[in-house]
Amino acid sequence: AYSSYKQEGVTYMKKAIDIATPNDSLMARLYGGLAECYFHTNEPYKRIDALKEQYKWDKHRVNYYHIAQIYDSEKDYANAIYYYEKYMALVPKEERILKDDNGNPIENSQTYYQLANKRIKKIKEEVYTFNDTLSATEVFIKNNFCRVIICTLIVTIISVFIAHKDFGHCLTETVNTLFHIAYN
């Protein structure tokens, strides 16, 4: 079927990467090709990994913009904001707005920088309803805080279970401590 050809493309790109003599431009093109294959096989997180690898070989900031777009389309807004901001931090001031030969802003045109800035604001308004000063790190922490609490709780429970016979009492104390930390 048609999709098997797409998967073959991924396989051949991986083989090419494995046998290639590493140099910056070749590896960047190969990882770019692999990212494109993952686009066609609808594997967004593998595409992100390939784009990150491509960035290691060719420090082109637009990769961060594309990574942000993928996270955005997957509704992983914390990572989307993080990578939009990472992209924006690399754009020189003079490249943030398109200008004509006289230095005047060109109407009805937008740079990736402007698009990223608009998207961050929209995500924060619609998804997070936080103010504009909220950084990607803060959004990431807010989104992942419950996961951290749960993981900490699980590790603590296992540790307590192994170390103590009075499991019920230790569990109660652990949960109380975690809630105290979470809400103070």
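The next point concerns the overall build of the chain. In terms of regular secondary structure, the chain is built from eight helices and zero strands. Starting at the N terminus and ending at the C terminus, the chain contains elements arranged as α-α-α-α-α-α-α-α. Looking at the chain as a whole, 30% of its 184 residues qualify as buried. A separation threshold of at least 6 residues defines the contact pool for the chain, and within that pool the share at least 24 residues apart is 46%. Here the chain has roughly 12,300 Å² of accessible surface; of this, 56% comes from carbon and sulfur atoms.

Glancing now at helix α5 (residues 77-90). Along its 14 residues, α5 runs 20 Å from first to last C-alpha, staying within 8% of the 20 Å computed at 1.5 Å per residue. Of all the positions in α5, only Y77, A78, N79, A80, I81, Y83, Y84, Y87 and M88 are classed as buried.

As a further point, take the packing of helix α3 (residues 44-57) against helix α4 (residues 62-73). It is the contact of α3 with α4, at a shortest axis distance of 10 Å, that shows an interaxial angle of 165°. With respect to α4, the element α3 is oriented roughly antiparallel. Judged by the sense of rotation from one axis to the other, the crossing of α3 with α4 is left-handed. Contacts from P44, Y45, R47, I48, L51, K52, Q54 and Y55 in α3 reach N63, Y64, H66, I67, I70 and Y71 in α4. Residue composition of the contact of α3 with α4, grouped by class: nine nonpolar, three polar and two charged.

This paragraph deals with the environment of K52. Mapped onto the fold, K52 is located in helix α3. For the pair K52 and I67, spaced 15 residues apart in sequence, the C-alpha to C-alpha distance is 8.0 Å. Residues in contact with K52, not counting those within four places in the same chain, are I67, Y71 and Y83.

Turning next to the confidence of the model for the chain. The predicted model of the chain averages 80 in pLDDT, with 67% of residues at 70 or higher. At the level of individual helices and strands, the chain shows its lowest average pLDDT in helix α8 (residues 167-183), which scores 58, and its highest in α4, which scores 97.

Before going further, it helps to examine α4. Here α4 is 12 residues long and its end C-alpha atoms lie 17 Å apart, about the 16 Å a rise of 1.5 Å per residue gives. Taken from the residues just after α4, K75 is the one with a positive phi, measuring 65°.

Calculation notes
Residues numbered from 1 in each chain as written. Predicted model: local features only at pLDDT ≥ 70, side-chain atom pairs only at ≥ 80, totals over all residues. Heavy atoms only, no water. Helix = DSSP H or I, 4+ residues; strand = E, 2+ residues; numbered from the N terminus. Buried < 20%, exposed > 50% of the residue type's maximum accessible area, 1.4 Å probe, protein only. Contact = heavy atoms within 4.5 Å. Areas by Shrake-Rupley, 256 points an atom, 1.4 Å probe, with all protein chains shown as cover. Expected span 1.5 Å × (residues − 1). Axes fitted to C-alpha atoms, helices over the stretch in contact; angles between N-to-C directions. Parallel < 35°, antiparallel > 145°, perpendicular 65-115°, else oblique. Left-handed = near helix turned anticlockwise from the far one by under 90°. Nonpolar A, V, L, I, M, F, W, Y, C, P; charged D, E, K, R; others polar. pLDDT = per-residue confidence, 0-100.

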